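The residues making up each chain are set out below.
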Amino acid sequence: MTTIRLHQTTTLTPEQYIAGLTDFGPGRAKLFGNSADKYLKVHQQNRSQADVTEGSGGIWERLHYDWSDPHHVVLTTTDSNVWGGASSHTYTFTRRPDGTTDIDVVVVRDGKNLKGRLLAFVLRTIGKGVLGKAFVNSIKAIEARNGAAKAERAA
């Protein structure tokens, strides 16, 4: 099992990041590069939870999203072609006095077969950089989307 911890500070509010994280519409890959539209399927969604299959590059997972706590969002893997067991993503949001937000992410990868165990090993060795870059890119994309929305409201 591999556990990777990531941290970023952003100008986004927790609500803005959660809105991006839980936007399962077309074009999700613009916010989250590892979520290609061809894999995306929303099985069920309500105000604070969703059951979604997503992935890319031949790797997919079905995730239970829970954003009922505005300070924590938990994505639990319920099925996958490579991940199983304790696989998850946990996002924790902390508002800072200067108006920014700290986002901490814990990614747990538990390979359920040979391919999954090999991928978990790769993540343990070089994956933090890859996942870190994807995380930073998601923040930048959501910041840009929110900046564009603010500009439209101001016009």
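Residues numbered from 1 in each chain as written. Predicted model: local features only at pLDDT ≥ 70, side-chain atom pairs only at ≥ 80, totals over all residues. Heavy atoms only, no water.

### So, the nonpolar core
Side chains that are nonpolar tend, in soluble globular proteins, to be buried together. The condition is simple: Among buried residues, the Ala, Val, Leu, Ile, Met, Phe, Trp, Tyr and Cys ones that are joined through side-chain atoms within 4.5 Å form a nonpolar core. Exposed residues in this analysis have more than 50% of their type's maximum accessible area, buried residues have under 20%, and partly exposed residues fall in between, with area computed by a 1.4 Å probe over protein chains only. In this text, helices come from DSSP runs of H or I with a minimum length of four residues, and strands from runs of E with a minimum of two, each type numbered from the N-terminal end. In what follows, residue pairs with any heavy atoms lying within 4.5 Å of each other are defined as contacts.
Of all hydrophobic cores here, the largest spans 31 residues; its most connected members are Tyr17, Leu21, Tyr65, Val73, Tyr91, Ile103 and Phe135. Elements represented by at least two residues in this core include exactly strand E1 (2-10), helix H1 (14-21), strand E3 (49-56), strand E4 (59-69), strand E5 (72-80), strand E6 (88-95), strand E7 (101-109) and helix H2 (114-154). A per-element tally of this core places H2 first, with seven residues. Not counting residues within four places of it along the chain, the set of residues in contact with Tyr91 comprises Tyr17, Leu21, His71, His72, Val73, Leu75, Ile103, Asp104, Val105 and Phe135.

### Describing the pattern of salt bridges
We apply this condition: Whenever a carboxyl oxygen of Asp or Glu lies within 4 Å of a side-chain nitrogen of Lys or Arg, that contact is scored as a salt bridge.
Under the defined criterion, the tally for this structure stands at eight salt bridges. When the shortest N-O distance is used, the salt bridge between Asp23 and Arg145 registers 2.8 Å. A residue pair is termed long-range when its members are at least 10 positions apart, and Asp23 in the loop between H1 and strand E2 (41-45) and Arg145 in helix H2 qualify at 122 residues. By relative accessible area, Asp23 is classed as partly exposed at 29%. Under the relative-accessibility criterion, Arg145 is labelled partly exposed at 33%. Here Asp102 and Arg96 are joined by a salt bridge, their closest N and O atoms 3.4 Å apart. Assessed through its relative accessible area of 11%, Asp102 is described here as buried.

### Some thoughts on the packing of aromatic side chains
Put simply, the rule is: For Phe, Tyr and Trp, where Trp contributes only its six-membered ring, two rings pair if their centres lie within 6.5 Å, and the inter-plane angle classes them as stacked under 30 degrees, edge-to-face over 60, or tilted in between.
Considering all chains together, one arrives at five aromatic pairs under this definition. A ring pair is formed by Tyr17 and Phe32, whose centres lie 6.4 Å apart and whose planes are at 85 degrees; its orientation type is edge-to-face. In this pair, Tyr17 sits in helix H1 while Phe32 sits in the loop between H1 and E2, placing the two residues 15 residues apart along the sequence. Looking at Phe32, the relative accessible area reads 13%, which means it is buried. Considering the side-chain rings of Phe24 and Tyr65, the 4.9 Å spacing of their centres and the 80 degrees angle between planes classify their relative orientation as edge-to-face. Highlighted residues: Phe24 in the loop between H1 and E2 and Tyr65 in strand E4, separated in sequence by 41 residues. Through pairs of rings, three or more aromatic residues link up here, namely Tyr17, Phe32, Tyr91, Phe93 and Phe135.

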